[in-house]
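So the chains spell out like this:
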Amino acid sequence: MNPSSHLSLIIDLSPSQWHLSAQSNNSYPLSFQTFLSHVLTFVNSHLAFKHENTLAVFGALPGRSMMLYSSLDATSANSNDPPADANSYRPFKLVNSVVANNIQKELDAIERLTEEPPVALVGALTKALCCKYQPFGPSTTRKRGNEATTSVDPRILILSVSPDLSASYIPVMNSIFSAQKLKVTIDVCKVFGEETVFLQQAAHLTGGSYIYLGRRDAFLQYLTMSFLPPPSMRHIIAVPQQDKVDFRAACFCHKNIVDIGFVCSVCLSIFCSPVPVCSTCRTKFPMKTLQHLNASRPSIPPANGVSNGAPRPPSARPNPGMSASLR
Ligand SMILES: [Zn+2]
Ligand SMILES: [Zn+2]
């Protein structure tokens, strides 16, 4: 039997990006209202897919993140009870009204801000990772070999409109490693704006799917075709995968995304130029090595930053002979 599926949905609620997305000079303008109606149809489909399926919705707002709805938390649903309607299925109406009301409340609060800080995607991602995936207590836990596994198939879907924030490279990578340990799949749909390097890596490293929305008028179709099947069914139903992944990293010194980085062989910190002392672990590097690395730097960086090497988790050690290593 297929396990039940838990979906943590992260919605990027950057008012400025949504304003740009709705402009009529875009080839496929998409307003936030249309986007939200498609998203609510999608979450209703997820809940209808299997009775035990669970849902949590998080909002990434400028400067903060919050939980908008959780089917695991009965109090969040009861406090916003919608009036009875004979023409609608009550659980769907409840989700729709709670999510829409909470988003409206948060966006009203943002209007009072004078300037817009970057959206707190990492905050929403860590909240989604902290979500409990056992909807009906320990009874859903079954034994497989010596290891107890829950029969819930957890995943996170990020609907992103904001560009990469290079300052959040390290927390995003740490979230990815946590997701790998928890066996949580991260799916990403880039609804508007440039491709994001970090979210491509998040989807690739957790076995999820990354989709750049080409035809934004077909948003609901993309959601249904690509993100409705839970990870446990993806060996039967093929979902679109990325044909290339941008593996560039951000340097720890200036938070710039770099094509060629210099990696501390002790703590794996990445720098955009050879440094005499690692700012993270204080390891000193011999002058000779620095001169050698400086001399071997190519004068023109390659135009294409796409490579096939995946970044290592923090416990791994680099090859001693690596050209970009400081030792
Ligand atoms: Zn730097
Ligand atoms: Zn170091």
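Given the structure is predicted, the values throughout are model-derived calculations rather than measurements. Positions within a chain are numbered from 1, following the residues in the order the chain's sequence is written. Starting at A for chains and at 1 for ligands, labels are handed out in the order in which the entities are written. In keeping with the model being predicted, local features are shown solely for residues with a pLDDT of at least 70 and side-chain atom pairs are shown and tallied solely at 80 or more, while totals for entire chains, interfaces and linings include all residues. The basis for every side-chain value is the complete set of heavy atoms in the structure, and neither hydrogens nor water enter the calculation.

1. Side note on the packing of aromatic side chains
A pair of Phe, Tyr and Trp rings is counted when the ring centres sit within 6.5 Å of each other, with Trp represented by its six-membered ring. The angle between the planes then sorts it: under 30 degrees is stacked, over 60 is edge-to-face, the rest tilted. In total, this model carries six aromatic pairs according to the counting rule given. Arranged with centres 5.3 Å apart and planes meeting at 20 degrees, the rings of F35 and F219 form a pair that is stacked. Placement of F35 in helix α2 (residues 32–49) and of F219 in helix α8 (residues 219–227) is noted, with a sequence separation of 184 residues between them. A relative accessible area of 0% means that F35 is categorised as buried. Each residue is assigned to one of three classes by its accessible area relative to the maximum for its type, calculated with a 1.4 Å probe on protein chains only: buried under 20%, partly exposed between the two thresholds, exposed over 50%. Residue class for F219 comes out buried when judged on its relative accessible area of 0%. Arranged with centres 5.2 Å apart and planes meeting at 50 degrees, the rings of Y169 and F198 form a pair that is tilted. You can see Y169 sitting in helix α6 (residues 169–182) and its partner F198 sitting in helix α7 (residues 197–205), a full 29 residues away along the chain. Each member of the pair, Y169 as well as F198, carries the same accessibility label: buried. A helix here means a DSSP run of H or I that spans at least four residues, while a strand means a run of E at least two residues long, and both kinds are numbered starting from the N terminus.

2. What about the coordination of the zinc ion (ligand 1)?
Metal coordination angles have textbook ideals: 109.5 degrees for a tetrahedral set of four donors and 90 or 180 degrees for an octahedral set of six. Only nitrogen, oxygen and sulfur atoms count as donors, using a 2.8 Å cut-off from the metal that widens to 3.2 Å for Na, K and Ca. Water is left out, so coordination shells may look unfilled. For the zinc ion (ligand 1), every protein donor is listed as C251 (SG), C253 (SG), H254 (ND1) and C272 (SG), and the spread of their distances is 2.0 to 2.3 Å. Of note is the zinc ion (ligand 1), whose four donor atoms meet at the metal with angles of 95 to 133 degrees in an arrangement that counts as tetrahedral. Mapping the donors of the zinc ion (ligand 1) onto the primary sequence yields the spacing C-x1-C-H-x17-C. On the basis of relative accessibility, which here comes to 1%, the residue C251 falls in the buried class. Judged by relative accessible area, C253 falls into the partly exposed class, the value being 36%. In short, tetrahedral needs four donors with all angles between 85 and 135 degrees, square planar needs four and octahedral six donors with opposite donors over 155 degrees apart and all other angles between 65 and 115, and whatever is left is irregular.

3. A look at the nonpolar core
Within the largest apolar cluster, 38 residues are counted, with the highest numbers of intra-cluster contacts made by F35, I103, L159, V191 and F219. Every element with two or more residues in this core is listed here: β1 (4–12), α2, β2 (54–61), β3 (64–70), α4 (90–110), β6 (152–160) and α8. In terms of nonpolar packing, the next biggest core, distinct from the first, is built from 37 residues, I156, F177, A249 and V258 among them. Nine residue types can take part in a nonpolar core, namely buried Ala, Val, Leu, Ile, Met, Phe, Trp, Tyr and Cys, and a core is a set of them joined through side-chain atoms within 4.5 Å.

4. A few points about the packing of helix α5 (residues 121–130) against α6
Fitting a line to C-alpha atoms yields each axis, with helices limited to the stretch in contact; the angle taken between N-to-C directions then spans 0 to 180 degrees. Interhelical geometry of α5 versus α6 gives an angle of 15 degrees and a closest axis separation of 10 Å. The angle between α5 and α6 falls in the class roughly parallel. Once α5 is placed against α6, the crossing between them reads as left-handed. Across the interface between the two elements, V122, L125, T126 and L129 from α5 touch P171, V172, S175, S178, A179 and L182 from α6. Reported orientations rely on four angle classes, namely roughly parallel under 35 degrees, roughly antiparallel over 145, roughly perpendicular from 65 to 115, and oblique for the rest. In a left-handed crossing the near helix is turned counterclockwise from the far helix by less than a right angle, and in a right-handed crossing that turn is clockwise. Residues count as neighbours in contact if any of their non-hydrogen atoms are within 4.5 Å of one another.

5. Some remarks on the coordination of the zinc ion (ligand 2)
With distances of 2.3 Å, the protein atoms coordinating the zinc ion (ligand 2) are C264 (SG), C267 (SG), C278 (SG) and C281 (SG). Geometry at the zinc ion (ligand 2) is tetrahedral, judged from the four donor atoms that bind it and their angles of 106 to 113 degrees at the metal. Expressed as a motif, the donor residue spacing for the zinc ion (ligand 2) is C-x2-C-x10-C-x2-C. Taking relative accessible area as the criterion, C278 reaches 0% and is therefore assigned buried.

6. Describing the environment of R215
With respect to the helices, strands and loops of the structure, R215 is situated in the loop between β8 (210–212) and α8. Along the chain, R215 and P29 lie 186 residues apart, while their C-alpha atoms are 9.6 Å from each other. Excluding residues within four positions of it along the chain, R215 makes contact with Y28 and Y222.

7. Looking at the confidence of the model for the protein chain
Across the chain, each position has a pLDDT score giving the predictor's confidence in that residue, from 0 to 100. Confidence in the prediction for the protein chain averages 83 pLDDT; 83% of positions are at 70 or higher. Low pLDDT, under 50, characterises residues 135–148; the predicted model gives this stretch 17 contacts beyond four residues in sequence or across chains. This model gives residues 303–327 a pLDDT under 50, and the stretch forms 55 contacts once residues within four places in sequence are excluded.

8. Focus: unusual backbone geometry
Even without glycine at this site, L268 takes up a positive phi of about 65 degrees. Relative to the helices and strands, L268 resides in the loop between β11 (262–263) and β12 (270–271). For L268, a relative accessible area of 13% translates into the label buried. Although it is not a glycine, R282 adopts a positive phi angle of roughly 65 degrees.

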